[in-house]
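# Working through the structure, step by step
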Amino acid sequence: MRYLEGVPSAKPLSRIGLGTWQFGSREWGYGDDFAAEAGRIVARAVDLGITVVDTAEAYGFGASERIVGEALRTHDLREQVYVATKIFPFFPIAPVVVNRGRASADRLGVETIDLYQVHQPNPVIKDGQTMPGMRQLQDAGVVTDVGVSNYSLARWKDAERQLGSPVLSNQVEFSLAAMDALDDLVPYAASVGRVVIAWSPLGQGFLSGRYDADNRPSNGVRNMNPLFLAESFESARPLLGTLREVAGNHGVTMSQAALAWVLHQPNVVAIPGASSVEQLEKNAAAAEIDLAADEVAELTTQARAFHRPARTDALKASLRRRLHRE
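No experiment lies behind these values; they were computed from the predicted model shown.

## Notes on the confidence of the model for the protein chain
- A residue-level look at the protein chain finds 90% of positions with pLDDT of 70 or above and a mean pLDDT of 90.
- Contacts from residues 318-326, a stretch scored under 50 in pLDDT, to residues over four places away or in other chains number four contacts.

Listed below in C-alpha cells is the structure:
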C-alpha cells in the first residue's frame, strides 16, 4: 500500500481507503445480514495496509457507523484505522455540530474521531456558524482533523478561515467520469498540503466494464445515476475503450486502471466501496499500478471529452421505466 506524504494528518493516510456507504444501506441491496461480511472487509482492509475507513451518520441512518465500530472492536483495529465520518448538515449550527459529533463517536464506539467532515455545504447556514462547533469538538478531544465534503474551492478556503486551522480534506466525486476536481481542488490540495478524498472513484461501477447500454444496473442508487443512461454509455465509448486498452497493457481490470488514474493525481485518497473481501483486495492492488505518462494523458483527454447527462435525465428515465412496468 502507498501513503500520502507531506500531509499533517493524525495518522498515515493510505492512497486507497474503504468507503462504507453500502454498510447497512438497503438502497444498495444490503441488509442487516451484511454486517458480518462488512466486519471481514474492514479487517482485511487493515491487513492490506488500508488505514482510511470512511462512513457517515447518514449511511443507513447510523447503521454504517455502528457496523464499522463493531468491526473495530471485534478485530481490535482502532489504533490502526483513520476513522472518518460525516455530519449530515441539517441546521449545522455549533451546538448541533457538537451534539452530532458526540453521537457519531458513540455509534462508532471511539473516544476520538480522526476526521469529522461536513457532508454537504448548507446553502443557508454558512461555515461561520458550523466551524465553531468543529473547533469545540477538537478542543474537547472528540475530533482530531476537520474536513468538508462536496465543497467548492472558495467555500473550502472560507471554511478554513472560519475554523482558524487546517480543514484537512474535501471529499468530492472524482473519477474519469467526474473530472471537475482536477481543475482546481486537486491542484490546491497539492499546493498547500491538503487532501482530496475521491468518492465514487469508479463512477459506481460505470468504469468497471460490467455494464453497458443493454445491461444496466438494477439497484436504486445506480438507477438514479445519469451515468447509466444509454446516451452516457454512447458518449463514453472512446473513454471506456481507452480504459480497456490501458488495463490490458498492465494485465489488470478496468476498475483497477481507473483507480490507478485517480491515484496518479497528487494528494488524492480514493475510497471505493467493497461488497466482498475479493473486491476489496482488487481495489487495494490498484495502489501498486504505475500508469505511463502517455496513458494518463490519453485517459485524461478522453475523460474531458466525455459528456455526462444531467441527473434530471436519469430521474425522468427511471420514471418512464416504472410507468412502463405498471
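## Some words on the sheet that holds strand S7 (residues 195-199)
- With respect to topology, eight strands assemble into an open sheet ordered S1-S2-S3-S4-S5-S6-S7-S8, the strand pairing being parallel. Strands at the two margins of the open sheet, each flanked by one partner only, are strand S1 (18-19) and strand S8 (268-270).
- Of the pairings in the sheet, the one linking strand S2 (residues 52-54) to strand S3 (residues 82-87) comprises three bridges and is parallel in character. Looking at S3, one finds that Asp 54 is bridged to Ala 84.
- Running at roughly 145° to S7, helix H6 (residues 185-192) makes contact with strand S6 (167-173), S7 and S8 of the sheet.

## Focus on the packing of helix H4 (residues 127-139) against helix H5 (residues 153-163)
- Their axes nearest at 8 Å, the elements H4 and H5 cross at an angle of 55°. Our classification of the angle between H4 and H5 gives oblique. Crossing angle aside, the handedness with which H4 passes H5 is right-handed. Between H4, through Asp 127, Gly 128, Met 131, Met 134, Arg 135 and Gln 138, and H5, the contact on the second element is made entirely by Arg 155, Ala 159, Gln 162 and Leu 163.
- Taken together, the residues of the contact of H4 with H5 break down into four nonpolar, three polar and three charged.

## A word on the environment of Arg 155
- Relative to the helices and strands, Arg 155 is located in helix H5.
- When the C-alpha positions of Arg 155 and Lys 126 are compared, they lie 9.2 Å apart, and in sequence the two are 29 residues distant.
- In this structure Arg 155 touches Pro 121, Asn 122, Ile 125, Lys 126 and Asp 127, once residues within four positions along its chain are discounted.
- Among the polar contacts made by the side chain of Arg 155, one reaches the main-chain carbonyl oxygen of Asn 122 at a distance of 3.0 Å.

## Re the pattern of salt bridges
- Applying the stated criterion to the full structure yields 18 salt bridges.
- The salt bridge partner of Arg 304 is Asp 183, with a shortest N-O separation of 3.2 Å. Placement of Arg 304 in helix H12 (residues 293-305) and of Asp 183 in the loop between S6 and H6 is noted, with a sequence separation of 121 residues between them.
- Relative accessible area serves as the criterion here: at 45%, Arg 304 is assigned to the partly exposed category.
- Via salt bridges that share partners, Glu 57, Glu 65, Arg 100 and Arg 107 belong to a single interconnected network.

## Examining the pairing of S7
- With four of five residues buried, S7 is to be regarded as a mostly interior element.
- Where S6 and S7 come together, five bridges link them in parallel fashion. The partner of Asn 170 across the bridge, within S7, is Val 196.
- With respect to chirality, the unit in which S6 leads through H6 into the neighbouring parallel S7 is right-handed.
- In this sheet, S8 lies alongside S7 in parallel orientation, the contact comprising three bridges. When the bridges of S8 are listed, Val 196 appears paired with Val 268.

Reading the values: the criteria
- Within each chain, residue numbers correspond to sequence positions counted from 1 in written order.
- In view of the model being predicted, local features appear only for residues whose pLDDT reaches at least 70, and side-chain atom pairs are presented and counted only at 80 or more, with totals across whole chains, interfaces and linings using the full set of residues.
- Side-chain measures here rest on the full set of heavy atoms in the structure, leaving out hydrogens and waters.
- Per residue, pLDDT captures the predictor's confidence, and it can take any value from 0 to 100.
- Whether two residues are in contact is decided by their heavy atoms: any pair within 4.5 Å suffices.
- Any two strands with at least two DSSP bridges between them are considered paired.
- A run of DSSP states H or I qualifies as a helix once it reaches four residues; a run of E qualifies as a strand once it reaches two. Both are numbered from the N-terminal end.
- A fitted line through C-alpha atoms represents every axis, and for helices the fit uses only the stretch in contact; the resulting angles, taken between N-to-C directions, go from 0 to 180 degrees.
- Angles are sorted into four bins: roughly parallel if under 35 degrees, roughly antiparallel if over 145, roughly perpendicular if 65 to 115, and oblique for all others.
- Crossing chirality is assigned from the near helix's rotation relative to the far helix, an anticlockwise turn below a right angle marking it left-handed and a clockwise turn marking it right-handed.
- The nonpolar class holds Ala, Val, Leu, Ile, Met, Phe, Trp, Tyr, Cys and Pro. Asp, Glu, Lys and Arg form the charged class, and all remaining residues, Gly among them, are polar.
- In the analysis that follows, any N or O atom pair within 3.5 Å is treated as a polar contact, provided that within protein one partner can donate a hydrogen and the other can accept it, and provided that, for residues neighboring in sequence, both atoms belong to side chains.
- In the sections that follow, a salt bridge refers to a side-chain nitrogen of Lys or Arg positioned within 4 Å of a carboxyl oxygen of Asp or Glu.
- For every residue, the accessible area obtained with a 1.4 Å probe (protein chains only) is divided by the maximum for its type, and the residue is called buried under 20%, exposed over 50%, and partly exposed between those limits.
- Call a crossover right-handed when, viewed with both strands pointing away from you, the route from the first strand across the helix to the second goes clockwise.

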